[in-house]
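What follows is each chain in one-letter form.
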Amino acid sequence: MIRRTTNQQELDKIQEQIVEDKVCLELAQQSTQLVFGDGSPDADMVFIGEAPGKNEDIQGKPFVGAAGKFLNEMLEMIGLKREDIYITNIVKYRPPNNRDPLPEEKAAFLPYLRQQLEIIKPKLIVTLGRHSMDVLLPGLKISQVHGQPKRYQGRVYLPLFHPAAALYNGGMRQTLIDDFALIPQILKTT
Ligand code: URA
């Protein structure tokens, strides 16, 4: 009998591997739990944020706080639900006091993020904010490239502003909404 492992089973293995490999042990010990990813393991699109915040740390799911609510609203505007996409972060434990993730923390988690992408094989990778953009599309400035699809190493990326940064900044909020509106067309043509 041929038994195929599902994407979800393969993702579960990576999640276990992060714990086994003791990735960023100090961060792990200061946080409540690993926040690995959420949504469809067979999605066409993967969204990648920065790191879990307080709510994410408590619930064990990415983007469940205010930024997540805004993200859900923008998904709805383009006819999508959370279950239609996969969502994760570059750093998978909450940094203390919501400080920015350190370069070494991003580097430590990058191989696991790459494995997640390798399993899901999305048509489009949406980076939210500069932290996930920097590790996957190095050398770009988010203020210059947001909303522009980028082909790099055989994958298609769309760098966007981070919803938390845009939440209380009227101009950036509208820019993010406008960039989001481009997604259906980009998906269709990739
Ligand atoms: N901000 C992020 O970058 N990720 C989350 O999961 C929540 C807020």
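Every chain is numbered on its own, with residues counted from 1 as its sequence reads. Given that this is a predicted model, residues contribute local features only at a pLDDT of at least 70 and side-chain atom pairs are listed and counted only at 80 or more, while totals for whole chains, interfaces and linings are drawn from all residues. Side-chain numbers come from the whole structure's heavy atoms, not from hydrogens or water.

### Here we look at the overall build of the chain
The test is simple: What counts as a helix is a DSSP run of H or I of at least four residues, what counts as a strand is a run of E of at least two, and both are numbered from the N terminus. The rule is simple: take the accessible area with a 1.4 Å probe, protein chains only, and divide by the maximum for that residue type; under 20% is buried, over 50% is exposed, in between is partly exposed. Every accessible area reported is derived by Shrake-Rupley at a probe size of 1.4 Å, with residue values counting cover from the shown protein chains alone.
When you go through the chain residue by residue, the secondary structure sums to 10 helices and 6 strands. Principal-axis analysis of the C-alpha atoms gives the chain an extent of 50 × 40 × 30 Å. Within the span of the chain, comprising 190 residues, buried residues form 48% of the whole. When the accessible surface of the chain is summed, it comes to about 9800 Å², and 49% of that surface belongs to carbon and sulfur atoms.

### With respect to the site of the ligand
Condition: By convention in this text, a residue qualifies as near a molecule or strand provided that one of its non-hydrogen atoms is within 4 Å of it. Here a polar contact is taken to be a pair of N or O atoms separated by no more than 3.5 Å, where protein atoms must pair a possible hydrogen donor with a possible acceptor and residues adjacent in sequence count only if both atoms sit in side chains. Throughout, the ten residues Ala, Val, Leu, Ile, Met, Phe, Trp, Tyr, Cys and Pro are labelled nonpolar, Asp, Glu, Lys and Arg are labelled charged, and all others, Gly among them, are labelled polar.
With respect to spatial proximity, the complete set of residues near the ligand consists of Gly49, Glu50, Ala51, Glu56, Pro62, Phe63, Asn89 and His162. Within the backbone of glutamate 50, a nitrogen or oxygen atom sits 2.7 Å from an oxygen atom of the ligand. Contact distances for the ligand include 3.1 Å between a nitrogen atom and a backbone N or O atom of alanine 51. If the ligand stood free it would expose 240 Å²; the protein chains cover 91% of that surface. Taken together, the residues of the shell around the ligand break down into 3 nonpolar, 3 polar and 2 charged.

### Structural notes on the nonpolar core
Burial of nonpolar side chains together is a common tendency in soluble globular proteins. Applied cut-off: The set of buried Ala, Val, Leu, Ile, Met, Phe, Trp, Tyr and Cys residues whose side-chain atoms join them within 4.5 Å is what this entry labels a nonpolar core. Pairs of residues are marked as contacts when any of their non-hydrogen atoms sit within 4.5 Å.
Within the largest apolar cluster, 32 residues are counted, with the highest numbers of intra-cluster contacts made by Ile18, Phe109 and Leu136. Among the secondary structure elements, those contributing two or more residues to this core are helix 1 (7–20), helix 2 (25–30), strand 2 (45–49), helix 5 (103–120), helix 6 (130–136) and helix 7 (142–145). Residue contributions to this core peak at 7 residues, all from helix 5. Other than its neighbours up to four places away in sequence, phenylalanine 109 contacts Ile18, Val23, Cys24, Ile90, Val91, Lys92 and Tyr93. With 25 residues, the next largest nonpolar core counts Met45, Phe63, Leu124 and Val126 among its residues.

### Concerning the pairing of strand 2
For the record, the criterion: Only when DSSP finds a minimum of two bridges between them are two strands counted as paired.
Of all 5 residues that make up strand 2, 5 are buried, and the element is covered over most of its length. Of the two faces of strand 2, both are covered, the one formed by Met45, Phe47 and Gly49 as well as the one formed by Val46 and Ile48. Where strand 2 and strand 4 (residues 124–128) come together, 4 bridges link them in parallel fashion. Residue pairing for strand 4: methionine 45 is matched across the bridge by leucine 124.

### Brief notes about helix 1
For clarity, the cut-off: Here the expected length of a helix is defined as 1.5 Å per residue gap, with one fewer gap than residues. What the arc measures is the spread of directions leading from the helix axis to the C-beta atoms.
Its 14 residues place the ends of helix 1 20 Å apart at the C-alpha level, agreeing with the 20 Å of an ideal helix rising 1.5 Å per residue. Within helix 1, burial applies to Asn7, Leu11, Ile14 and Ile18. Along the axis of helix 1, the buried positions cluster into a sector of 55°, meaning they face one direction only. Along helix 1, exposed side chains directed more than 90 degrees from the buried face belong to Glu16 and Glu20. Where helix 1 is buried, its residues touch strand 3 (86–89) and helix 5. Positive backbone phi, approximately 55°, marks lysine 22, located one or two places after helix 1.

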